[in-house]
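# Notes for the structure review
The residues making up each chain are set out below.
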Amino acid sequence: ALVDAGHSLWVDWESIHPSSDWFTEIAEGIDQSDALILIVTRNSVQSKECRAEVEHARRAEIRIVPVLRERVDPALVPAGAAAFQWVEFLDDASFDDSVLVLRRALETDLDWVKDHTRLRLRALEWDREGRPNGKLLNRPELREAEEWTRRSGEDEERRPSPLVYDYLAASGRNRR
């Protein structure tokens, strides 16, 4: 379903050549990925190999998306994956809905959302207090925000809110 939706997948049991150093191959596959999907089952939570993969992804700062396929004791889930919200795939009748949730999780740029929220909160405070210059971004913050805006590109979904644009423009005028 993910491939049909345009995602490319690297699966460790399909993509490792016989006689190769399997964990090196897995680590390279993880390093080249945007996310690691951990299928949470009774077997995977007991697997030292799965734990090593999750730990490698955590150290490499790869997003980890736990997919709950079987109910397990949450204490058994590898620490690097247990902290993240799970996507439930427990009911086969809800498979299509679960795929949509998983796709949304994979397609959401959480760093962008967090940066936008941080800037939006600062812009709201600036606006509520009457838009004083003292609440505007300093030079390093403004450079970072301008770079963030450039990375946002033309994607309609990633456009900063009008208030954030106003805040960035006022910050730029103030710095000039």
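Residues numbered from 1 in each chain as written. Predicted model: local features only at pLDDT ≥ 70, side-chain atom pairs only at ≥ 80, totals over all residues. Heavy atoms only, no water.

As a further point, take the pattern of salt bridges. A full pass over the atoms with the stated rule returns 13 salt bridges. Between Arg122 and Glu141 there is a salt bridge, with the nearest N and O atoms lying 3.0 Å from each other. Residue Arg122 is located in helix α6 (residues 110–128), and its partner Glu141 is located in helix α7 (residues 139–152); the two are separated by 19 residues in the primary sequence. According to the relative accessible area criterion, Arg122 is partly exposed, its value standing at 26%. A relative accessible area of 28% places Glu141 in the partly exposed class. Between Arg131 and Asp166 there is a salt bridge, with its nearest N and O atoms 3.8 Å apart. With Arg131 in the loop between α6 and α7 and Asp166 in helix α8 (residues 162–175), this pair connects stretches of sequence that are 35 residues apart. Overall, Arg131 belongs to the partly exposed group, its relative accessible area being 36%. (Salt bridge = Lys/Arg side-chain N within 4 Å of Asp/Glu carboxyl O. Helix = DSSP H or I, 4+ residues; strand = E, 2+ residues; numbered from the N terminus. Buried < 20%, exposed > 50% of the residue type's maximum accessible area, 1.4 Å probe, protein only.)

This part takes up the packing of α6 against α7. Where α6 contacts α7, the axes come no closer than 11 Å and their chain directions differ by 130°. One finds that α6 runs oblique with respect to α7. Considering only the axes of α6 and α7, their crossing is left-handed. Here Trp112, Asp115, His116, Arg118, Leu119 and Arg122 of α6 come into contact with α7, specifically with Glu141, Glu144, Ala145, Trp148, Arg151 and Ser152. Split by residue class, the contact of α6 with α7 holds four nonpolar, two polar and six charged. (Axes fitted to C-alpha atoms, helices over the stretch in contact; angles between N-to-C directions. Parallel < 35°, antiparallel > 145°, perpendicular 65-115°, else oblique. Left-handed = near helix turned anticlockwise from the far one by under 90°. Contact = heavy atoms within 4.5 Å. Nonpolar A, V, L, I, M, F, W, Y, C, P; charged D, E, K, R; others polar.)

Confidence along the chain averages 89 in pLDDT terms, with 97% of residues attaining 70 or more. Mean pLDDT across the elements of the chain bottoms out in helix α4 (residues 79–82) (85) and peaks in helix α2 (residues 42–46) (95). (pLDDT = per-residue confidence, 0-100.)

Turning next to the pairing of strand β1 (residues 35–40). Consecutive side chains along a regular strand alternate between the two faces of the sheet. Burial of β1 is one-sided: the residues Leu36, Leu38 and Val40 facing one way are buried, the residues Ala35, Ile37 and Ile39 facing the other way are not. Bridge count between β1 and strand β2 (residues 63–68): six bridges; the pairing is parallel. Following the sheet pairing, Leu38 is matched in β2 by Pro66. (Pairing = 2+ DSSP bridges.)

As a further point, take the sheet that holds β2. Here three strands make up an open sheet; going across it, the order is β1-β2-β3 and the pairing parallel. Because the sheet does not close on itself, it has two edges, and the strands there are β1 and β3 (87–88). Here two bridges tie β2 to β3, and the two strands are oriented parallel to one another. Counted as the bridge partner of Leu68 is Glu88 from β3.

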